[in-house]
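Fold and contact review
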Amino acid sequence: MLSRVAESVYWMNRYMERAENYSRFLDVNFQLSLDLNEDSNRQWMPLVYTTGDNELFSKKYNIPSKENVIHFMSLDIENPNSIMNCLIRARENARTIRENISTPMWEVINEFYLTIKSKRKFEESDMPGIAEFFKAIRNQCLLFYGCQEATISHDEVWHFALLGRLLERADKTTRILDMKYFILLPAREETGSTLDLIQWLSLLKSASAHEMFNRFYTRITPKNIAEFLILDKIFPRAIRSCLSKAFDSLKILSGSEKDSYGDETEKRVGVLLSEMNYASIDEIFSSGMHEYLDQLQVRLNGIAAQLDETYFRN
């Protein structure tokens, strides 16, 4: 398999997953803003910090208003991580490997691009329908994943596609958790308040985790939510679950034996996964939740960089 094909299918999926995650963050925050009379700085700027694009945003916009943040993260062509740019890059990667993906996959991503590119800016009059806009983005991404699952062989191309999706998903789960624990950390008098509870619920909803969480936990608490989104083995957006599936794909790609590792990428994922298998949420809280998530992001970035070095630069 050509490294060019592997890299393109990997990034095609990372960009699609990023677009879906951004639509989730924005939609949940938008719905929350309808219920709360919150200062826009506190309500919207944390989303920009979550994506790591706060410096660029501050250069372009004076006020972190709802309209500015939504435009910046959705349609701003100058923001390399906006939904629009993610879709442009995903489509370009798909175009370069047309012979390695199915026609239905290409049609889904191309139609998605043509639909979104006609949208240039959100006007005040668009605000009532913005939830439908984000829902349409999520649905198109899910359609793409389903089409990919059903119409291409589950060979090397498939496993690189999974790696792109899973590493991006794990990274965004750490970031949305860190936003609540660090950036939105409530004042002592607000802890356990209705506002605090609503924010925790919104975090679960941003990961489409609310219903699954309720199947296993009877109380919505910071510790329970963190445990579910970090250490759960079977919820597909939990970090541990993402790493477990990524490790399985790396095993197949390297051809290594069960009790050995084939390359440095596989080793890094295996070591991190082993640590999480023996971790407890009490230990994570004792050592510092923000510090743990920050270190997790660093290690996920290191895994992605090593994957690039191992498979895409040869």
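Below you will find a few notes about this structure. Quick caveat: nothing in here was measured; it's all calculated off a predicted structure.

Calculation criteria
- Residues numbered from 1 in each chain as written.
- Predicted model: local features only at pLDDT ≥ 70, side-chain atom pairs only at ≥ 80, totals over all residues.
- Heavy atoms only, no water.
- Helix = DSSP H or I, 4+ residues; strand = E, 2+ residues; numbered from the N terminus.
- Contact = heavy atoms within 4.5 Å.
- Salt bridge = Lys/Arg side-chain N within 4 Å of Asp/Glu carboxyl O.
- Buried < 20%, exposed > 50% of the residue type's maximum accessible area, 1.4 Å probe, protein only.
- Expected span 1.5 Å × (residues − 1).
- Phe/Tyr/Trp six-rings, centres within 6.5 Å; stacked < 30°, edge-to-face > 60°.
- 1 Å grid on protein atoms, 1.4 Å probe; cavity = no way out; pocket = protein on both sides within 12 Å on 5 of 7 lines; lining within 4 Å.
- Points joined across faces, edges and corners; volume = space filled by probe spheres on them.
- Nonpolar A, V, L, I, M, F, W, Y, C, P; charged D, E, K, R; others polar.
- Domains from an automatic or database assignment.
- Lys, Arg positive; Asp, Glu negative; His and termini not counted.
- Axes fitted to C-alpha atoms, helices over the stretch in contact; angles between N-to-C directions.
- Parallel < 35°, antiparallel > 145°, perpendicular 65-115°, else oblique.
- Left-handed = near helix turned anticlockwise from the far one by under 90°.

**As for the environment of P104**
Residue position: P104 is located in helix α6 (residues 103-117). Here the alpha-carbon distance between P104 and Q148, two residues 44 residues apart in the chain, equals 8.4 Å. The residues contacting P104, other than those within four sequence positions of it, are C147 and T151.

**Examining the pattern of salt bridges**
Under the criterion given, the structure shown has 20 salt bridges. Residue R18 is joined to E168 by a salt bridge in which the shortest nitrogen-to-oxygen separation is 2.9 Å. Pair noted here: R18 is in helix α1 (residues 3-35) and E168 is in helix α8 (residues 156-183), with a separation of 150 residues, a long-range link. Side by side, R18 and E168 carry an identical accessibility label, which is buried. Measuring nitrogen to oxygen at the nearest pair gives 3.0 Å for the salt bridge that ties R313 to D308. For R313, a relative accessible area of 45% translates into the label partly exposed.

**A short note on helix α7 (residues 130-151)**
End to end, α7 covers 31 Å across 22 residues, agreeing with the expected 32 Å (1.5 Å per residue, within 8%). For α7, the complete set of buried residues consists of I130, A131, F133, F134, I137, R138, C141, F144, Y145, C147 and Q148.

**So, the packing of aromatic side chains**
Tallied over the full model, the rule gives 15 aromatic pairs. For the pair F57 and F72, a centre-to-centre distance of 5.1 Å together with 75° between the ring planes defines the contact as edge-to-face. With a gap of 15 residues between them, F57 in helix α3 (residues 54-60) and F72 in helix α4 (residues 66-74) connect regions that are remote in the sequence. Here F57 and F72 have matching classes, each one buried.

**As for empty space enclosed by the protein**
Under the defined criterion, the tally for this structure stands at 2 cavities of 30 Å³ or more. As for the second largest cavity, its lining consists of N21, R24, F25, R169, K172, T173, I176, S206, A207 and R237. Mapped by element, the contributors of at least two residues to the lining of the second largest cavity are α1 and α8. If you tally residues by element for the lining of the second largest cavity, the top one is α8, at 4 residues. Here the residues of the lining of the second largest cavity are counted per class, giving 3 nonpolar, 3 polar and 4 charged. Mapped onto the domain boundaries, the lining of the second largest cavity takes at least three residues apiece from domain 1 (1-152) and domain 2 (153-313).

**With respect to the side chain of R240**
Looking at where R240 falls in the secondary structure, it is placed in helix α12 (residues 239-254). D232 provides the closest opposite charge to the buried, unpaired R240, separated from it by 7.6 Å.

**A closer look at the environment of L167**
Looking at the element boundaries, L167 is found in helix α8. Distance in space between the C-alpha atoms of L167 and I239 is 9.0 Å, their sequence separation being 72 residues. Setting aside its immediate chain neighbours within four residues, L167 contacts Y10, R14, I303 and L307.

**As for the packing of α6 against α7**
At a closest axis distance of 9 Å, the pairing of α6 and α7 adopts a crossing angle of 165°. Our classification of the angle between α6 and α7 gives roughly antiparallel. Every pair of crossing elements has a handedness; the one defined by α6 and α7 is left-handed. The residues of α7 that touch α6, namely those facing P104, M105, V108, I109, F112 and I116, are F133, I137, Q140, C141, L143, F144, C147, Q148 and T151. Its residues assigned to classes, the contact of α6 with α7 shows 12 nonpolar, 3 polar and no charged.

**Considerations on the packing of helix α13 (residues 264-277) against helix α15 (residues 289-312)**
In contact at an axis separation of 8 Å, α13 and α15 are set at 155° when each is read in the N-to-C sense. As far as their axial angle goes, α15 and α13 are roughly antiparallel. Between α13 and α15 lies a crossing of left-handed hand. Residues E264, T265, R268, V269, V271, L272, E275 and M276 of α13 form the contact with α15, whose own contacting residues are Y292, L296, R299, G302, I303, Q306, L307 and T310. Of the residues contributing to the contact of α13 with α15, the split by class is 8 nonpolar, 4 polar and 4 charged.

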